[in-house]
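Summary of structural features
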Amino acid sequence: MTSGAGPGLRRALTRQPSAYLVASLRGVGQVDLQAQPLTGALILAALWAAGWQVGLFATLGTLIATATAYALDVDRGSIGQGLQGYSGCLTGIALVGSLGHHPATYVLTVVGCAVTTVLTATLATLLAPYRLTPLTAPFCLVSGVMVLGAPSFARIWHGAPAPVANPTSGDTGITFSDLWHAFFTNVSQVFLVNSWYVGLIMLAGLACAGLRVLLAAALGSVAGIVAAWALGAPTAQISSGIYGYNAVLVGIALGAVFLAATPWNAGYALFGAALSTGLTAAITSLFTPFDGHTFTWPFILTTWALLAAVPQLPRLRAATARGPSPHPRPRPEEGTHR
Amino acid sequence: MTSGAGPGLRRALTRQPSAYLVASLRGVGQVDLQAQPLTGALILAALWAAGWQVGLFATLGTLIATATAYALDVDRGSIGQGLQGYSGCLTGIALVGSLGHHPATYVLTVVGCAVTTVLTATLATLLAPYRLTPLTAPFCLVSGVMVLGAPSFARIWHGAPAPVANPTSGDTGITFSDLWHAFFTNVSQVFLVNSWYVGLIMLAGLACAGLRVLLAAALGSVAGIVAAWALGAPTAQISSGIYGYNAVLVGIALGAVFLAATPWNAGYALFGAALSTGLTAAITSLFTPFDGHTFTWPFILTTWALLAAVPQLPRLRAATARGPSPHPRPRPEEGTHR
Amino acid sequence: MTSGAGPGLRRALTRQPSAYLVASLRGVGQVDLQAQPLTGALILAALWAAGWQVGLFATLGTLIATATAYALDVDRGSIGQGLQGYSGCLTGIALVGSLGHHPATYVLTVVGCAVTTVLTATLATLLAPYRLTPLTAPFCLVSGVMVLGAPSFARIWHGAPAPVANPTSGDTGITFSDLWHAFFTNVSQVFLVNSWYVGLIMLAGLACAGLRVLLAAALGSVAGIVAAWALGAPTAQISSGIYGYNAVLVGIALGAVFLAATPWNAGYALFGAALSTGLTAAITSLFTPFDGHTFTWPFILTTWALLAAVPQLPRLRAATARGPSPHPRPRPEEGTHR
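This structure is a prediction, so every number in the text was calculated from the model and none was measured.

Helix and strand counts for chain A come out as 15 helices and zero strands. Buried residues in chain A amount to 60% of all 338 residues. Relative to all contacts within chain A whose residues are 6 or more apart in sequence, the contacts with residues 24 or more apart total 74%. If you sum the accessible surface of chain A, you get close to 11,900 Å²; carbon and sulfur atoms cover 68% of it.

Rendered as structure tokens:
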């Protein structure tokens, strides 16, 4: 808004440091589409519990992306809701995981997370005619481009990363231990972490956002497991959460954020969660020739497609600003509706 | 439109069973962009003549997709014109051809054809700003994703399907027998069937839709053959219709449905039919690393690109609702203009 | 605008031959987003200096694409600014380079360059809601499809073309000679030419368009070199301009054409130039399985993404019709703003 030499960032950091930190905390929670600072705090704690590198780069990524938004004078309401930070959070985690812990990775994290803020603005423009929001697409685009281009560059590439899980073959027998591991790792894999107790802490964070959010995430996770089992996916992939993290996100997005609370909508959300599980296999195969990473594309594509269909399907209903949600949410223009 | 518990489908099936069946019959004809029930009936007969599996899955697919549209309360005018069924028709055929005749294929056909109805709504929203229509893209998306993802899943994958025809090498000498086979199989390959007499019956169905439709389909087929021969495509691929089915569809779409009947438009339609033939080779090469299937993407992309250009090219003119077409067509908002 | 039998092209060629030639000359310059005939003339001279095949096919391509626009009655203002010819210019160069100098290549150049004019119209429609312009995307689409499809066709394929430069491995030490070669070949590689003195002549042409254009191109080239060196790209690729031509185009587009002249915008343009360098590696890897060609996709994608973000980022400002540019430019509706 200011047209001066560029004090937006400096003013934000010096006069409102706490606003900056709260916005960043909300940003961590917005990866799961939740703006509550307590949700963000519990998820951040879970990320540090997963390892100091994951915790550090998630923190740095969120702070950098949010600071970039201040510097470029993005709408303060959007920043305040954490909507400028979540893609940075995931990008930081993806870069340290793909490129390893090197000085160059810090530089790339700064550049990459700044770019997520620009791409969030790009997608806001491109999706506006359809009333869709960017979701985690800025993260997928930046991380995908960086992982794809990195091996061409001697100064940032230090050998192949850990091999990506290959969800295309293996045993299909399943035990109770596999099932409950899958239920929780589906939640942690949203943040590229394979750990049931990290998922458990995150689920506690989602519970702080309200019963409906908790239910949507849990039922999404179950729908992902059931779909993957029914299709005959390898058990090892199911129990490590590879087939279910997109279902968790679809469950939250369609079940608790973007649609009204009706029985048809609930069925539609569960159907979408199951679809995203099948789509995970297709997208993983599609990206295989490029050593590609599936990231959260199945969630994004499923949610965009199903939300764009709603205006043509009168049986379903989008959430209104003051909808029947069991917990108070900010109005769309305030930002939860990414 | 009703806001009740969900009786749309039940009411449609119990109170208007004949409307449901006519809408489904029109749906089969809408694969070729024609709403006449007689056209749909002849094409359906041709599909059963091609084999009971093809006929059965085409019928099931159309019925399921149309029923899904009733259940989700899609606009009745659109359903009545068959515009909710044609992608299901093709999806059923593609799934039984790719996955084989197994119990799992029936389940996937139900899910896949329901998803085509949702994606038809999605694309209607996304394409509305450009006044374009979904064409057969919902079919290509659903079938493409399913064929790509299927090998990852033990319960739905029963070994490799018949190898996809490889239109990239072979003899280029051509005989009269090759030519007339190509002319008719170009029409049948729209439905993934390689059989000249199936194409002949379908052409008879198109003749019932009017002389202009028949001419457009026939000239599209000829343009595809001429273009493929001139480029030097392998004769075996030309005579089995691989290079011409997209040209047939482009011929009908641009020559008889979406553009007015002027000499420049006719030339543009033939040019588009030839372009789609060249594009077929490029898209087939593009999909090769993914064991991909070209389906009707060349038709869709060519038609979208050429139609979107029309408003900038005053030499060409879009069809008006009450245009100079030689046979009566419903107004666009009633649905023939997918 | 005329509704007669089709005299647009004939009238243009017989009554206004000089207008047709000037429009084509501007078309050559519009590859670098400049409408000045003198700029176009110097660039055309540089292309003939690069070799008679390059010069001939650049000339033919521009003439064909511009003539197609007359024939299809495209807006005369747009034709007059050269906005219908630049994609044909690049397509002609790309086709003779990829397919070799054969009779079939002439035929494909006629068809391909006519299609670029249609696709320019297509993209004008599709991008209008976002106030973006087609840039060189019609060239990339047509040339990409033709290069991808060509090996399938016996009559147009005469063996593999010269191997595409592989920018993914090699030494990273750099000398002063490498640096100044890179600076100029970055400019010539916009036209797929690897020659420092061709780049020098082109830069002289850009100087004729004004100091700001020259500075933007030069700083874009420097940003590309610095980014490629910092990332650790192979020196051989840097000095042959593979990593910098997109940066030159981004520099001109964001630094001198589409954005106002402010310090923040200048920084944004340089940041974009560096980004396009990194993106070049990712897109080259992406296209590798298809023997694909990167062409100017990194420029196009970077420029579209960064321009679409501007409305959401109040720190940055789009250029106005009568902006602070140091040299007179036509108003957007007259066409420099592709």
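Moving on to the relation of the copies chain A and chain C. For these two chains of identical sequence, chain A goes onto chain C by a turn of 120° and a shift of 0.0 Å along the axis, with RMSD 0.0 Å. In symmetry terms, the pair is related by a three-fold rotation axis. Residues of chain A ranked by C-alpha distance from the rotation axis are headed by Pro289 of chain A, positioned 4.2 Å from it. Comparing interface residues between copies, only 9% of those in chain A also sit at the interface in chain C, which points to a heterologous contact through distinct surfaces.

Glancing now at the relation of the copies chain C and chain B. Once turned by 120° and shifted 0.0 Å along the axis, chain C lies on chain B with an RMSD of 0.0 Å. The two copies present different faces, since only 9% of the interface residues in chain C are matched by interface residues at the equivalent positions in chain B.

The next subject is the UniProt feature "site: Important for channel permeability" (unreviewed entry) in chain A. All names here are of chain A. Under the feature "site: Important for channel permeability" (unreviewed entry), the UniProt entry names Thr296. Along the chain, Thr296 turns up in the loop between α14 (263–287) and α15 (297–309). Here Thr296 falls in the buried class, since its relative accessible area comes to 2%.

Residues and elements named next belong to chain A. Look at helix α6 (residues 86–99): 20 Å from first C-alpha to last across 14 residues, which is about the 20 Å you get at 1.5 Å a residue. For α6, a buried count of 13 out of 14 residues is recorded, marking the element as mostly surrounded by other parts of the structure. Two residues or fewer past α6, Gly100 is found with a positive phi of approximately 85°.

A word on the interface of chain A and chain C. If you look at the interface, chain A gives 35 residues, while chain C gives 33 residues. Of all residues in chain A, Leu72, Phe153 and Arg155 of chain A bury the most surface against chain C, accounting for 23% of the area lost on that side. Where chain A touches chain C, the interface holds one salt bridge. For Arg315 of chain C, the salt bridge goes to Asp73 of chain A, with nearest N and O atoms at 3.7 Å. One can count 10 residue pairs in polar contact (both at pLDDT 80 or more) joining chain A with chain C. Looking at the side of chain A that touches chain C, the elements that each hand over two or more residues are α4 (52–71), α7 (103–127) and α8 (137–149) of chain A. Per element, the largest residue contribution to the side of chain A that touches chain C is 10 residues, and it comes from α7 of chain A. Along the lines of polarity and charge, the residues of the side of chain A that touches chain C split into 25 nonpolar, eight polar and two charged.

This part is about a nonpolar patch on the surface. Residue and element names in this part refer to chain A. A contiguous nonpolar patch, built from Leu211, Leu215, Leu219 and Leu270 and spanning about 370 Å² of accessible area, is present on the exposed surface. Of all the elements, helix α11 (residues 211–231) adds the most residues to the nonpolar patch, at three residues. Mapped onto the fold, Leu211 is located in helix α11.

With that settled, consider the interface of chain C and chain B. Counting from both sides, the interface comprises 35 residues of chain C and, opposite them, 33 residues of chain B. Carbon and sulfur atoms supply 69% of the area buried between chain C and chain B, which totals about 2,700 Å² over both sides. Here chain C is connected to chain B by one salt bridge. Taken together, chain C and chain B are joined by 10 residue pairs in polar contact (both at pLDDT 80 or more). Those elements giving two or more residues to the side of chain C that touches chain B turn out to be α4 (52–71), α7 (103–127) and α8 (137–149) of chain C. Per-element accounting of the side of chain C that touches chain B gives the leading share, 10 residues, to α7 of chain C. Grouping the amino acids of the side of chain C that touches chain B by side-chain chemistry returns 25 nonpolar, eight polar and two charged.

Right, let's get into the nonpolar core. Core analysis: the biggest nonpolar cluster contains 295 residues, and Leu47 and Phe191 of chain A, Leu47 and Phe191 of chain B together with Leu47 and Phe191 of chain C have the highest contact counts within it. Each residue touching Leu47 of chain C, except ones within four places of it in the same chain, is listed here: Val28, Val54, Gly55, Ala58, Cys89, Ile93, Phe191, Val193 and Met202 of chain C. Leu148 and Ala282 of chain B together with Leu148 and Ala282 of chain C belong to the second-largest nonpolar core, a separate cluster that totals nine residues.

Moving on, we get to unusual backbone geometry. Residues and elements named next belong to chain A. Residues other than glycine seldom take positive phi values, yet Arg131 does so here, at roughly 55°. Checked against the element boundaries, Arg131 lands in the loop between α7 and α8. For Arg131, a relative accessible area of 77% translates into the label exposed.

The next point concerns the confidence of the model for chain A. Residues and elements named next belong to chain A. With 88% of its residues at a pLDDT of 70 or more, chain A shows a mean pLDDT of 88. For residues 1–5, every residue scores under 50 in pLDDT, and the model assigns this stretch nine contacts once sequence neighbours within four places are set aside. Of the regions scoring below 50 in pLDDT, residues 322–338 engages in 46 contacts with residues more than four places distant in sequence or in other chains. Here the predicted complex carries an ipTM of 0.89, next to a pTM of 0.91.

Here the focus is the domain arrangement of chain A. One frequently used descriptor of interface size is the decrease in accessible area upon assembly of the parts. Residue and element names in this part refer to chain A. Split by domain assignment, chain A resolves into domain 1 (5–152) and domain 2 (176–312). Facing 34 residues of domain 1, the contacting portion of domain 2 comprises 30 residues. Across the domain 1/domain 2 interface, buried area totals approximately 2,600 Å², and carbon plus sulfur atoms make up 82% of it. Contact with domain 2 buries area across many residues of domain 1, yet Asp32, Leu33 and Leu135 alone supply 20% of it, more than any other trio. Taken together, the connections running from domain 1 to domain 2 amount to zero salt bridges. For the pair domain 1 and domain 2, the number of links is three residue pairs in polar contact (both at pLDDT 80 or more). For the side of domain 1 that touches domain 2, the secondary-structure elements that each account for two or more residues are α3 (37–49), α6 and α8. Ranked by residues supplied to the side of domain 1 that touches domain 2, first place goes to α8 with eight residues. Looking at side-chain class alone, the side of domain 1 that touches domain 2 contains 25 nonpolar, eight polar and one charged residues.

Turning our eyes to something else, we now look at the packing of α3 of chain A against helix α10 (residues 196–208) of chain A. Residues and elements named next belong to chain A. One can describe the packing of α3 onto α10 by two numbers: an axis separation of 7 Å at closest approach and a directional angle of 175°. Accordingly, the angle class assigned to the pair α3 and α10 is roughly antiparallel. Across from Leu38, Thr39, Leu42, Ile43, Ala46, Leu47 and Ala49 in α3, the residues of α10 making contact are Tyr197, Val198, Ile201, Met202, Ala204, Gly205, Leu206 and Cys208. Its residues assigned to classes, the contact of α3 with α10 comprises 13 nonpolar, two polar and no charged.

Looking now at the environment of Ala273 of chain C. All names here are of chain C. On the secondary structure map, Ala273 appears in helix α14 (residues 263–287). Classification of Ala273 by relative accessible area gives buried; the value is 0%. Those residues in contact with Ala273, other than ones at most four positions away along the chain, are Gly220, Ala223, Ala247 and Val250.

Enumeration over the complete set of coordinates arrives at 24 aromatic pairs over all chains. On the numbers, 5.2 Å between centres and 85° between planes, the contact of Trp180 of chain B with Trp196 of chain B is edge-to-face. Remark: Trp196 of chain B occurs in helix α10 (residues 196–208) and Trp180 of chain B occurs in helix α9 (residues 176–188); sequence separation between them is 16 residues. On the accessibility criterion, Trp180 of chain B (29% relative accessible area) is partly exposed. Seen in terms of ring centroids, Phe57 of chain C and Tyr106 of chain C are 4.8 Å apart; in terms of plane orientation they differ by 45°. Their pairing is tilted. You can see Phe57 of chain C sitting in helix α4 and its partner Tyr106 of chain C sitting in helix α7, a full 49 residues away along the chain. Through a chain of ring-to-ring contacts, three or more aromatic side chains come together here, namely Trp180, Phe183, Phe184, Trp196 and Tyr197 of chain A.

Next up on the list: the side chain of Ser221 of chain B. Residue and element names in this part refer to chain B. Tracing the backbone shows Ser221 in helix α11 (residues 211–231). Judged by relative accessible area, Ser221 falls into the buried class, the value being 0%. From its side chain, Ser221 meets the backbone oxygen of Phe183 in a polar contact 3.0 Å long. Among the polar contacts made by the side chain of Ser221, one reaches the side chain of Asn186 at a distance of 3.0 Å. What Ser221 contacts, discounting residues up to four positions off in sequence, is Ala182, Phe183, Asn186 and Val248.

What counts and how
Residues numbered from 1 in each chain as written. Chains lettered and ligands numbered in written order. Predicted model: local features only at pLDDT ≥ 70, side-chain atom pairs only at ≥ 80, totals over all residues. Heavy atoms only, no water. Helix = DSSP H or I, 4+ residues; strand = E, 2+ residues; numbered from the N terminus. Buried < 20%, exposed > 50% of the residue type's maximum accessible area, 1.4 Å probe, protein only. Contact = heavy atoms within 4.5 Å. Areas by Shrake-Rupley, 256 points an atom, 1.4 Å probe, with all protein chains shown as cover. Least-squares fit on C-alpha atoms with pLDDT ≥ 70 in both. UniProt positions renumbered as here; feature names shortened; annotations may be inferred. Expected span 1.5 Å × (residues − 1). Buried area = accessible area lost by both parts, 1.4 Å probe. Salt bridge = Lys/Arg side-chain N within 4 Å of Asp/Glu carboxyl O. Polar contact = N/O pair within 3.5 Å; in protein donor to acceptor, adjacent residues only side chain to side chain. Nonpolar A, V, L, I, M, F, W, Y, C, P; charged D, E, K, R; others polar. Patch = residues over 30% accessible without salt bridge, like charges linked within 9 Å, V, L, I, M, F, W, Y side chains within 5 Å. Core = buried A, V, L, I, M, F, W, Y, C linked by side-chain atoms within 4.5 Å. pLDDT = per-residue confidence, 0-100. Domains from an automatic or database assignment. Axes fitted to C-alpha atoms, helices over the stretch in contact; angles between N-to-C directions. Parallel < 35°, antiparallel > 145°, perpendicular 65-115°, else oblique. Phe/Tyr/Trp six-rings, centres within 6.5 Å; stacked < 30°, edge-to-face > 60°.

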